[in-house]
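Topology and contacts: notes
The lines below spell out each chain.
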Amino acid sequence: MNQQAYEAGKNAYKQGDLATAVAQLTAAKAPGEVSGAIDHLLGNCLMKLGRFPEAANSYADALRDVNYGHSGALACNRGRALIAAGKPQEAIASLTLAVKDEGYATPYKAYTALGNAYMRVGNVRDAGVAYRNAAIDEKNPDPSSALRSLGGCFMQMGRAVDAVEAYRTALDFSSPQSSKNAIYGDLGLAYVAANRMAEAVDAFNRATADGSYTLRPEAQAAYDAAKKAVSAITDGGPSETDAFLAAAGYGTGAAIDPLDPTGQTGEFMPSPEDTGFFSVKEEDLVAQDKKARKERKVRRKKSHRGLKVFLTILIILLIAAGAAGFAYYKGYGFPTQQSVVEDLFEAGASGKDVSPYLESGLSSDERTQIKSLLPTGSSSVSIDGLDKSMSKSTVMATATLSAGGEQSYKISLVRDGVTWKVKSIAPVYASGDGKDASVSDTSTSVAATTARNSGTDVSTSDASASEGASTGTISTGE
């Protein structure tokens, strides 16, 4: 890394000189060099410049740096860049990786972008699931936005009653009046779709009360129709508007609910292509009005089913989150501490890379020393004991060496998200008084340990073997 160019790029970025920042950050890397820090910042610069395909490539390069971390944030940024570049399908794959990163601090950002990507490809159902996950993320500072998007998905799926509940919940989390006005406008449309005209009028009135919000043309038309319907009911006469709405498909089953193709719920949404509203005949109005009144009575009995389902799912999710939090506190993880230790010894015995099992903060020397302590050749390891807590664990293990004999080890692990990583490893020997003594209590060298792992008898009393030996537990000094 060219540190001078990197610092110049960071300073240019902070000052808003994005073009200079891009030039300096590009020069900070040698050809073929991998640097998550440089590529992450370069991607941010390119995003602000509107160079979305290049930004996506920079975030992808940053993800190649396994030591940099921040995979959730990088995958989320890459997904956003791909959406802006008109590649929603690729964005879905990247954003799915982001939400799977347990260490990602703000998953609601990835869920929101994932919902937008699904909407781009016409997958309204999965978009709704993503928006719901964004809304229930406790770190989301503005769940009302996600809930409003969820309500829009419900409307497109013909679930007007569920849309009503989503919009009402969004109002509870919305603070600026301008945002409330827009949500009230959407709520009014949902009430009309659910054939709840009095509530629709109230919602539209609230949306326009302060005069700062103008209803969209379709919302204004629905508002006028709802007022006529309420007026007709108040006067005791037949509801001409209800008949028109019924003819257009609101509450009549004119369109098929994608989540209820057999028509059991009675909650339907008209197809956008349905032009029946404009072609209804006058002689059909009387019959339509009688039918609509009967259907309204049935619908009132079912109006809270969506809320009950929503609350039930929310309670289940809260219980699951509580159970996961308790397991985390008690030191459980996946893979378990035992599995991590077994895999580490297996990789060491077969000469494979052991880096995936080690704490990311270890230096190269510490990693080399840990690897040198592992037995090589055909060997096996058994777990003798485990002492675990929420963030740290200690495993006692015994390895059967390929040349015969056994060697005990004390392995310290630290939490890494939901899994565990090895922080240090120390061989344990029997002391003169018959008690176990760790390598820190002896003057045995790494060379002696390596020889013992290969089956060679090296005496710890040999001065040449112990002189200058590096003893003690390998750790980060935390």
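Residues numbered from 1 in each chain as written. Predicted model: local features only at pLDDT ≥ 70, side-chain atom pairs only at ≥ 80, totals over all residues. Heavy atoms only, no water.

Attention now goes to the overall build of the protein chain. Looking only at helices and strands, the protein chain has 21 helices and five strands in total. The buried share of the protein chain, reckoned over its 478 residues, is 41%. Counting only contacts in the protein chain whose residues sit at least 6 apart along the sequence, the fraction spanning at least 24 positions is 51%. For the protein chain, the accessible surface area stands at approximately 24500 Å², while carbon and sulfur atoms represent 53% of it. (Helix = DSSP H or I, 4+ residues; strand = E, 2+ residues; numbered from the N terminus. Buried < 20%, exposed > 50% of the residue type's maximum accessible area, 1.4 Å probe, protein only. Contact = heavy atoms within 4.5 Å. Areas by Shrake-Rupley, 256 points an atom, 1.4 Å probe, with all protein chains shown as cover.)

Attention shifts here to the confidence of the model for the protein chain. On average, the protein chain scores 77 in pLDDT, and the residues at 70 or more come to 74%. When pLDDT is averaged over each helix and strand of the protein chain, the minimum, 33, is found for helix H21 (residues 463-466) and the maximum, 94, for helix H7 (residues 107-120). Under a pLDDT of 50 for its full length, residues 251-283 has, in the predicted model, 54 contacts with residues more than four places off or in other chains. Predicted confidence is poor over residues 432-478, with pLDDT under 50, and the contacts of this stretch with residues over four places away or in other chains come to 82 contacts. (pLDDT = per-residue confidence, 0-100.)

We now examine the nonpolar core. Ranked by size, the top nonpolar core spans 79 residues in total, and within it Leu95, Leu187 and Phe204 carry the most contacts. Broken down by element, this core gets its largest block of residues, nine residues, from helix H11 (residues 177-193). Residues within four places of Leu95 in sequence aside, it is in contact with Ala75, Cys76, Gly79, Arg80, Ile83, Ala110, Ala113, Leu114 and Ala117. In terms of nonpolar packing, the next biggest core, distinct from the first, is built from 20 residues, Val340, Val341, Leu358 and Val395 among them. (Core = buried A, V, L, I, M, F, W, Y, C linked by side-chain atoms within 4.5 Å.)

Pairing of strand S1 (residues 380-388) with strand S2 (residues 392-400), which is carried by eight bridges, proceeds in the antiparallel orientation. The residue of S2 that forms the bridge with Ser380 is Thr400. From the end of S1 to the start of S2, which pair antiparallel, there are three residues. (Pairing = 2+ DSSP bridges.)

Quick look at unusual backbone geometry now. Residues other than glycine seldom take positive phi values, yet His70 does so here, at roughly 55 degrees. Judged by its relative accessible area of 48%, His70 is partly exposed. Even without glycine at this site, Asn195 takes up a positive phi of about 60 degrees. One can find Asn195 in the loop between H11 and helix H12 (197-208).

Quick look at a nonpolar patch on the surface now. A surface patch of nonpolar side chains, amounting to about 280 Å² of accessible area, comprises Ile136, Val309, Ile313 and Leu317. In terms of residues, the nonpolar patch owes the most to one element, helix H17 (residues 305-329), which gives three residues. Tracing the backbone shows Leu317 in helix H17. (Patch = residues over 30% accessible without salt bridge, like charges linked within 9 Å, V, L, I, M, F, W, Y side chains within 5 Å. Salt bridge = Lys/Arg side-chain N within 4 Å of Asp/Glu carboxyl O.)

Sheet analysis places S2 next to strand S3 (residues 406-416), joined by nine bridges and oriented antiparallel. Considered in S3, the bridge of Thr394 is made with Ser412. Joining the antiparallel neighbours S2 and S3 is a turn of five residues, in which Gly404 adopts a positive phi near 100 degrees.

What follows covers the packing of aromatic side chains. For the structure on display, the rule yields two aromatic pairs. Seen from their ring centres, Phe204 and Tyr223 are 5.1 Å apart, and the 40 degrees between their planes marks the pair as tilted. Separated by 19 residues along the polypeptide, Phe204 in helix H12 and Tyr223 in helix H13 (residues 217-235) bring together distant segments of the chain. Each member of the pair Phe204 and Tyr223 is classed as buried. Ring plane angle 70 degrees and centroid distance 5.2 Å describe the contact between Phe345 and Tyr409, whose orientation is recorded as edge-to-face. (Phe/Tyr/Trp six-rings, centres within 6.5 Å; stacked < 30°, edge-to-face > 60°.)

To continue, consider the side chain of Asn140. Inspection of the secondary structure assignment puts Asn140 in the loop between helix H8 (124-136) and helix H9 (143-156). Sequence-distant contacts of Asn140, that is, excluding residues within four places in its chain, are made with Tyr108, Ala134, Ala135 and Ala146.

Let us look at the packing of helix H3 (residues 36-48) against helix H5 (residues 71-84). Contact geometry for H3 and H5: axes closest at 11 Å, N-to-C directions at 25 degrees. Here H5 runs roughly parallel to H3, going by the angle between their axes. Read as a crossing pair, H3 and H5 show a hand that is left-handed. Contacts between H3 and H5 involve His40, Asn44 and Met47 from the first element and Leu74, Asn77, Arg80 and Ala81 from the second. Each residue belonging to the contact of H3 with H5 can be placed in one class, and the counts come to three nonpolar, three polar and one charged. (Axes fitted to C-alpha atoms, helices over the stretch in contact; angles between N-to-C directions. Parallel < 35°, antiparallel > 145°, perpendicular 65-115°, else oblique. Left-handed = near helix turned anticlockwise from the far one by under 90°. Nonpolar A, V, L, I, M, F, W, Y, C, P; charged D, E, K, R; others polar.)

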